[in-house]
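Coordinates in review
Residue-level listing of the chains:
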Amino acid sequence: MSVAAPEANGAARPEAFDPGSGLEAMLTVREFEAVAQRKLDPVHYDYIAGGSRDEVTVRANEDGFGRLSLLPRVLRGSAQRDLSVTLFGGQSSMPVLISPTAFHRLVCAEGEIATARAAARAGTIMIASMASTVAVGEVAAAARAAAGDGDPTLWFQLYLQPDMDDTTALIARATDAGCRALVVTVDSPVLGANERNQRNNFDDLPPEMACENLRNLRGDEPGNVRQIAMSPELSWEHIDWLREHTRLPILLKGVLHPEDARIAIAHGIDGLLLSNHGGRQLDTVPATIDLLPEFVAAVDGSVPVLLDGGVRRGTDVVKALALGAAAVGVGRPIVWGLATAGEEGATRVLELLRDEVDHTVALCGARGLADLTPDLVRPAAGSRR
Ligand SMILES: Cc1cc2nc3c(=O)[nH]c(=O)nc-3n(C[C@H](O)[C@H](O)[C@H](O)COP(=O)(O)O)c2cc1C
Ligand SMILES: CC(C)CC(=O)C(=O)O
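Per an unreviewed UniProt entry, the protein chain carries the name FMN-dependent alpha-hydroxy acid dehydrogenase and comes from Catenulispora acidiphila. Here is the UniProt Cofactor (unreviewed entry) comment for the protein chain, exactly as written: "FMN". What UniProt states about the protein chain under its Sequence similarities (unreviewed entry) heading is, verbatim, "Belongs to the FMN-dependent alpha-hydroxy acid dehydrogenase family."

Below is the structure:
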């Protein structure tokens, strides 16, 4: 790969990377963002990178990991480190899942087909967005084909629609596709205010793309983004309704308050994805990693807690697991991988994260994920925690 000579101090110079000549020289997730930014239409780049209002939470998510240190143990490691996790009967070869992100065809021609293949190759779980630009049935078929003898796990992210017939039709599509869990996003009573999108007048897909899960949902709907209804009147009663209308495990995505975590468990949900939507809904909410200890304490082992937001390094993953997360999700990193080099790019992002997690586990003196305990995480010097 034609990469310019490194700086004397070895610092990465993302602007020097040429994605056309090989991915093996891409060594960090951040380099993928730099290449994606160069390649993408700036309006689409803004849609992906941006968050709501002042983007305080977007920055906080990443900064939160930086304010934590790892304190390793010594002389107790293992040459064989099993990174796999089992969630609701589905296996992931590593504790890094693909969080749901919309509109993959905006960044690569194959869209979510490429993502599904990358997930299957990595043996990890993909959460398909309800707003995907490839129908969930096709995404599932692509994952199965790519997995060969493997058994890929696909979950479906759902925005509960106030018209329950629409919700019923969406659940049927996800169930028929073989999705193994529903991830219900509950942090969007209204759409977040992304001022980049407003300035760019970006409020719909180009005419050649659609939200395919919404196409012909019950009639001749075209699959417009505007078909997705967000309602501030959704309530726990809707969760109860959902519980009665599906046998699939239900995770809630976007619960942040520990009290809501307790209520969710009382309503029979199966898992929680601690998420602030990558800073795209309410701005100035805390970093998810900062909330994790109190959240895990509230859940008290009743259901698995997953986390997403700002995960860019294996050390971030290990910190989250040590503080009680069962697994983490990545959103933007996968989109940067897709934008850089489609399926191969997303695969490389997942490989890098896997290698970094394994390396960090080894350096922490851990034999596997079970050895990652809260005592390994400390406030970084100078942090006020
Ligand atoms: C471009 C983009 C699209 C997203 N689309 C969805 C979506 O359709 N449904 C959803 O629940 N969350 C969506 N999210 C939020 C992600 O699932 C996830 O919570 C967030 O990206 C995690 O933060 P990270 O990007 O820092 O990894 C989206 C995020 C991005 C960046
Ligand atoms: C279609 C959108 C609502 C997808 C989304 O959740 C996001 O862009 O953050």
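Moving on, there is more to tell.
**Things to note about the environment of Gln161**
Mapped onto the elements of the fold, Gln161 is located in the loop between strand S6 (154-158) and helix H6 (164-177). The buried category is assigned to Gln161, around which 22 C-beta atoms lie within 10 Å. In the structure, Gln161 is positioned 80 residues away from Arg81 in sequence and 43 Å away in space, judged by C-alpha atoms. Beyond its immediate sequence surroundings of up to four residues, Gln161 is in contact with Asp166, Thr167 and Ala229.

**Examining the site of ligand 2**
Around ligand 2, the neighbouring residues are Ala102, Ala131, Val225, Ile228, His277 and Arg280. Here the residues of the shell around ligand 2 sort into four nonpolar, one polar and one charged.

**Observations concerning the pairing of strand S9 (residues 271-274)**
Covered by surrounding structure in S9 are Gly271 and Leu273 together with Leu272 and Leu274, the residues of both alternating faces. Regarding the hand of the β-α-β motif, the stretch spanning strand S8 (residues 250-253), helix H9 (residues 258-266) and S9 is right-handed. As a crossover connection, the stretch from S9 through helix H10 (residues 288-299) into strand S10 (residues 305-308) is right-handed.

The rules behind these values
- Residues numbered from 1 in each chain as written.
- Chains lettered and ligands numbered in written order.
- Predicted model: local features only at pLDDT ≥ 70, side-chain atom pairs only at ≥ 80, totals over all residues.
- UniProt positions renumbered as here; feature names shortened; annotations may be inferred.
- Helix = DSSP H or I, 4+ residues; strand = E, 2+ residues; numbered from the N terminus.
- Buried ≥ 20, exposed ≤ 12 C-beta atoms within 10 Å, placed from the backbone.
- Contact = placed C-beta atoms within 7 Å.
- Near = placed C-beta within 6 Å.
- Nonpolar A, V, L, I, M, F, W, Y, C, P; charged D, E, K, R; others polar.
- Right-handed = clockwise from strand over helix to strand, strands pointing away.

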